[in-house]
Amino acid sequence: MLAEAVVPADEILVAGEWRRGSGAESKSIDPADGSVITTVHHATAEDVDEAVSRGAEASAEWGRRLPHERARHLHRIADGIEGAAERLARLQTRDTGKTLKETSALVASAAGTFRYMAAALETFDEELTAPRGSSLTMSVHEPIGVVGAITPWNSPIASDAQKIAPALAAGNAVVLKPAEWTPLVSLALARIITDSGLPPGLVSVLPGRGSVAGDAIVRHPGVGKVSFTGGTTTGRLIAHAAADKLMPVTLELGGKSPTIVFEDADIEAAIAGILFGIYSSSGQSCIAGSRLFLPSARAEEFLERLVKAVARLRIGHGLDPATQVAPLVHHRHRDSVAGHVERARAAGGEVLVGGGVPEGDVYADGAYYLPTVIAGLDNSSPTCQEEIFGPVLSVLTYDDEDDLVARANDSVYGLACGLWTRDYRTAWRVARRIDAGTVWINTYKQFSISTPFSGMKESGLGTEKGRRGIAEYTRQKSLYWGLDEAPHPWAG
Ligand code: NAD
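About the thresholds
- Residues numbered from 1 in each chain as written.
- Predicted model: local features only at pLDDT ≥ 70, side-chain atom pairs only at ≥ 80, totals over all residues.
- Heavy atoms only, no water.
- UniProt positions renumbered as here; feature names shortened; annotations may be inferred.
- Helix = DSSP H or I, 4+ residues; strand = E, 2+ residues; numbered from the N terminus.
- Phe/Tyr/Trp six-rings, centres within 6.5 Å; stacked < 30°, edge-to-face > 60°.
- Buried < 20%, exposed > 50% of the residue type's maximum accessible area, 1.4 Å probe, protein only.
- Lys NZ or Arg CZ within 6 Å of the ring centre and 35° of its normal.
- Near = heavy atom within 4 Å.
- Polar contact = N/O pair within 3.5 Å; in protein donor to acceptor, adjacent residues only side chain to side chain.
- Areas by Shrake-Rupley, 256 points an atom, 1.4 Å probe, with all protein chains shown as cover.
- Nonpolar A, V, L, I, M, F, W, Y, C, P; charged D, E, K, R; others polar.
- Contact = heavy atoms within 4.5 Å.
- Axes fitted to C-alpha atoms, helices over the stretch in contact; angles between N-to-C directions.
- Parallel < 35°, antiparallel > 145°, perpendicular 65-115°, else oblique.
- Left-handed = near helix turned anticlockwise from the far one by under 90°.
- Pairing = 2+ DSSP bridges.
- Right-handed = clockwise from strand over helix to strand, strands pointing away.
- Patch = residues over 30% accessible without salt bridge, like charges linked within 9 Å, V, L, I, M, F, W, Y side chains within 5 Å.
- Salt bridge = Lys/Arg side-chain N within 4 Å of Asp/Glu carboxyl O.
- Expected span 1.5 Å × (residues − 1).

By the naming in an unreviewed UniProt entry, the protein goes by Aldehyde dehydrogenase and is assigned to Nocardioides luteus. The UniProt entry for the protein carries the following text under Sequence similarities (unreviewed entry): "Belongs to the aldehyde dehydrogenase family."

This is how it looks when you write it as structure tokens:
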């Protein structure tokens, strides 16, 4: 059973104080059946203002604490997440529809992120730079002050942790705005953070509309950096607003990632990886492998096996352990995915499997959509260029490596890529030619907090994760220590 205490009745966390948001009321919907889970009053620009000014006060003291002292708090937050792991995963499954297996993994990854950043903080050495004159030169990093964090609905607790943990580690306060559709697990995380004994005011969690609370965070003069994960259109708006303030931003944006099968690939492994890459999370993943390139010579045989495997995928409620493809996050989003498939059909695309909502009473009220494969469209078609963010795979064929690389790279996005081949030379050669922040070779959608993550082209700006992930939340400063015994000769 879902523990009611995880989300206190309609309260948001404004600079250490739990209270009702001063904005409009919003309903959080369970996408498995359309029922209302709870209501949350949104944060307003006034709530943001209070969170930022009290965050600035709190960060001044927090930023002076020694690294190991800050690290201890991060470990306490990780303890709290681990202690509440099942409740958090169940809550996230209700709010996002995702399978419990996946939300459990996201919760574990959030705890791991706090621990990793604690360890990275304790071992974060400042640099003595190579001397070029008679001074000792040093590069040091200082907190920014207040950092804004804005996250999407697809993996809330993991993306929240990816921003809060390094920002706190670096000595900042954080004002987090989760997505309108999925605020609950972020609020539950906020409760864990307050219960962990973190000094009040360091973390605020302000659910609300992007154009209200999100925009107020980005434009607030007291916010010194924004770390954003979400769509490219929103990311561009935020980049424009940041340019006005000359404020640094990290943007983790959309994708339309190619998965490439070579003639020598292990077909069974490739099919399993492709299914996982596009249909896990019901395709609602920035790194989903949504464009599949097959060698013409083996395309027919491959597609026959792929389509059979797709038709066998188990669609169901996120809490059912057998489910592989759970409902989408919201009925409106499901309708948007369905619209993409209808437009693909109208453009001459051939739907090889799926292409509609599943039949049966059990699916009637949920935001379900069938895993879908579409063939017969050119890479330049909207279906192959636009991010659908659902369980929809486009299939393309190729004959020649140069043409393959050109078409794989013919996208405004550059987030990820999958390569399936037994030849390490092919993998090395093609991996280096593809415009993507992450390339998976004979695997897909593996993630590690210790490996940097970034997007090329319109998939993003800046890097998250990795040992130096903390540095993204600091201001770098150089120190020159003069070593001359005599006064400067210029002064005569
Ligand atoms: P979205 O861009 O609509 O919203 C993301 C967040 O931005 C939400 O919290 C939203 O309220 C807020 N927002 C909206 N308008 C804003 C504004 N004007 N100012 C400030 N904040 C604003 O994205 P979404 O639909 O929630 O999420 C799906 C998108 O996220 C997809 O494009 C997906 O690829 C992307 N995504 C990227 C990554 C990555 O790491 N690259 C990870 C997950 C999701």
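That was the structure; now back to the text.
The next subject is the UniProt feature "domain: Aldehyde dehydrogenase" (unreviewed entry) in the protein. In the numbering adopted here, UniProt assigns the feature "domain: Aldehyde dehydrogenase" (unreviewed entry) to residues 18-478. From the first C-alpha to the last, residues 18-478 spans 40 Å; its make-up is 41% helix and 22% strand.

Moving on, we come to the packing of aromatic side chains. Scanning all chains against the criterion turns up seven aromatic pairs. Ring geometry for W440 versus Y444: centroids 4.6 Å apart, planes at 50°, classification tilted. Each member of the pair, W440 together with Y444, is buried. Summarising the aromatic geometry, the rings of F447 and F453 are spaced 5.3 Å apart at their centres and angled 75° between planes, so their arrangement reads as edge-to-face. The partly exposed category is assigned to F447, whose relative accessible area is 46%. Grouping aromatic residues by their ring pairs yields a cluster made of W440, Y444, F447 and F453. Seen from the ring of F453, K465 lies directly overhead, with NZ or CZ sitting 5.4 Å from the centre.

Near the ligand lie 27 residues; those nearest to it are T151, E180, T234, L253 and E387. Within the backbone of G230, an N or O atom sits 3.3 Å from an oxygen atom of the ligand. Between the ligand and the protein, one listed contact pairs an oxygen atom with a backbone N or O atom of G231 at 2.8 Å. Burial of the ligand by the protein chains amounts to 85% of its free accessible area of 850 Å². Secondary-structure elements contributing two or more residues to the shell around the ligand are α7 (210-219), β10 (223-229) and α8 (232-245). Partitioning the shell around the ligand into residue classes produces 13 nonpolar, nine polar and five charged.

Mapped onto the elements of the fold, T323 is located in the loop between α10 (296-311) and α11 (331-346). Once the C-alpha coordinates of T323 and K101 are considered, the two residues, 222 residues apart in sequence, prove to be 9.2 Å apart. Excluding its chain neighbours within four sequence positions, the residues that come into contact with T323 are T99, R314, I315, G316 and H317.

On to the UniProt feature "active site" (unreviewed entry) in the protein. In the numbering adopted here, UniProt assigns the feature "active site" (unreviewed entry) to E252. In this fold, E252 is placed in strand β11 (residues 249-252). Using a relative accessible area of 4% as the deciding quantity, one classes E252 as buried. Setting aside anything within four residues of it in sequence, one finds E252 in contact with F228, T229, G230, F453, S454, G455, S459, G462, T463 and E464.

Packed helix pairs are characterised by how far apart their axes lie and by the angle those axes make with each other. Their axes nearest at 9 Å, the elements helix α5 (residues 156-169) and helix α6 (residues 184-195) cross at an angle of 45°. It follows from the interaxial angle that α5 and α6 lie oblique. The two elements α5 and α6 meet at a crossing, and its hand is right-handed. In this structure, α5 contributes P156, I157, D160 and I164 to the contact, and α6 contributes V185, S186, L189 and I193.

Following the sequence through the fold, D365 ends up in the loop between β14 (350-353) and β15 (372-375). The exposure class assigned to D365 is exposed, which follows from its relative accessible area of 51%. Separated by 34 residues in the primary sequence, D365 and H331 place their C-alpha atoms 9.1 Å from one another.

Side chains of β11 alternate between two faces, with V249 and L251 and T250 and E252 buried alike. With four bridges connecting them, β10 and β11 associate as parallel partners. Along β11, the bridge assignment pairs T229 with E252. Following the backbone out of β10, through α8 and into the adjacent parallel β11, one traces a crossover that is right-handed. In this sheet, strand β22 (residues 460-461) lies alongside β11 in antiparallel orientation, the contact comprising two bridges. Residue pairing in the sheet places E252 in a bridge with G460 of β22.

Another aspect to go through is a nonpolar patch on the surface. On the surface, a cluster of nonpolar side chains totalling about 430 Å² of accessible area is made up of L128, L136, W481 and L483. On the secondary structure map, L483 appears in the segment after β24 (474-482). For L483, a relative accessible area of 54% translates into the label exposed.

Looking now at helix α9 (residues 267-279). Spanning 13 residues, α9 covers 18 Å between terminal C-alpha atoms, matching the ideal 18 Å at 1.5 Å per step. At its buried positions, α9 is contacted by β12 (257-261), β13 (289-295), α10, β15, β16 (392-398) and β18 (416-420). Among the residues of α9, the N-terminal cap falls to D266, whose side-chain oxygen and the backbone nitrogen of E268 are separated by 3.2 Å. Downstream of α9 by a residue or two, S281 has a phi angle that is positive, lying close to 60°.

An order of β5-β6-β24 is seen for the three strands of this open sheet, with the pairing classed as antiparallel. Sheet topology places β5 (127-129) and β24 at the edges, where each strand pairs with a single neighbour. With direction set aside, neighbouring strand axes in the sheet form an average angle of 30°. One ladder, built from three bridges, connects β5 with strand β6 (residues 135-143); its direction is antiparallel. Bridge assignment links L128 to a residue of β6, and that residue is M138.

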